Amino acid sequence: MATLVRHKESGKTYVLIGTGYGAYKSMLPGVIGGSLFPHEEAAEIPLAALSDRYGNITWMLTRDLQVIKVDGQAIGDYFTAESDQGFPSVIEESCPACGFRVASNAKECPSCGLTLIIEEHEDS
């Protein structure tokens, strides 16, 4: 079976093939010392290999993707099954901006970033 993911921005559905990291390292001559003291920058970028319906493979940032189905079953069904096994049940609501299903106590929508709960601080 397969894991289906949705690209958050475009709404297109893909099959998840695998995940990995892209890495980069850049070196620029330093302002003082030139090539003797270069400015170095390096990072890892979490990526996912995806396939479209035509078999074309593309890489996308994992933060731009949302899992929608695993082995033909909606991802939310896995968590509902946990609540039947003694785990606390999570009440879900829809984000007013994008319609993404979020927990009722979520402070921010994981899909669009809308602030859902504003914490009020009491002045002492």
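Each value, and the rule that gives it
Residues numbered from 1 in each chain as written. Predicted model: local features only at pLDDT ≥ 70, side-chain atom pairs only at ≥ 80, totals over all residues. Heavy atoms only, no water. Helix = DSSP H or I, 4+ residues; strand = E, 2+ residues; numbered from the N terminus. Buried < 20%, exposed > 50% of the residue type's maximum accessible area, 1.4 Å probe, protein only. Contact = heavy atoms within 4.5 Å. Areas by Shrake-Rupley, 256 points an atom, 1.4 Å probe, with all protein chains shown as cover. Core = buried A, V, L, I, M, F, W, Y, C linked by side-chain atoms within 4.5 Å. Patch = residues over 30% accessible without salt bridge, like charges linked within 9 Å, V, L, I, M, F, W, Y side chains within 5 Å. Salt bridge = Lys/Arg side-chain N within 4 Å of Asp/Glu carboxyl O. Disulfide = S-S within 2.5 Å.

Draft legend 1. Examining the overall build of the protein more closely. The number of helices and strands found in the protein is one helix and eight strands. Taken over 124 residues, the protein has a buried fraction of 17%. A fraction of 35% describes how many contacts in the protein between residues 6 or more apart in sequence connect residues 24 or more apart. Accessible area for the protein stands at about 9,700 Å²; split by element, carbon and sulfur atoms hold 53% of it.

Draft legend 2. Structural detail: the environment of Lys-8. Tracing the backbone through its elements, the reader meets Lys-8 in the loop between strand E1 (3–7) and strand E2 (13–30). Taking the C-alpha atoms as reference, Lys-8 lies 5.7 Å from Leu-65; in sequence the two are 57 residues apart. Ignoring any residue separated from it by four or fewer positions in sequence, one finds Lys-8 in contact with Arg-63, Asp-64, Leu-65, Gln-66, Pro-110 and Ser-111.

Draft legend 3. Molecular detail of the nonpolar core. In terms of nonpolar packing, the biggest core is built from six residues, these being Val-5, Tyr-14, Ala-48, Leu-50, Met-60 and Leu-65. Once residues lying within four places of it in the same chain are set aside, the contact partners of Leu-65 are Val-5, Arg-6, His-7, Lys-8, Ala-48, Leu-50 and Met-60. Listed in part, the five residues of the second largest apolar core include Cys-95, Val-102, Ala-106 and Cys-109.

Draft legend 4. Fine view of a nonpolar patch on the surface. Among the surface-exposed residues, Ile-17, Ile-57 and Trp-59 lie close enough to one another that they form a single nonpolar patch of about 360 Å² accessible area. Within the element layout of this structure, Trp-59 appears in strand E4 (residues 57–61).

Draft legend 5. Broad picture of unusual backbone geometry. The backbone phi angle of Asp-71 is positive, close to 50°, even though this residue is not glycine. Mapping Asp-71 onto the fold places it in the loop between strand E5 (65–70) and strand E6 (73–74).

Draft legend 6. Fine view of the environment of Leu-16. In this fold, Leu-16 is placed in strand E2. Considering only alpha carbons, one finds Leu-16 and Leu-50, 34 residues apart in sequence, at a separation of 4.8 Å. In this structure Leu-16 touches Thr-3, Val-5, Ala-48, Ala-49 and Leu-50, once residues within four positions along its chain are discounted.

Draft legend 7. Inspection of the state of the cysteines at higher detail. With the rule as written, the count across this model stands at zero disulfides. Left unpaired, Cys-112 is separated from the closest cysteine sulfur, that of Cys-95, by 3.7 Å.

Draft legend 8. The arrangement of the environment of Ser-51 in detail. Structurally, Ser-51 is set in strand E3 (residues 34–51). The sequence separation of Ser-51 and Thr-13 amounts to 38 residues, and the corresponding C-alpha distance is 9.1 Å.

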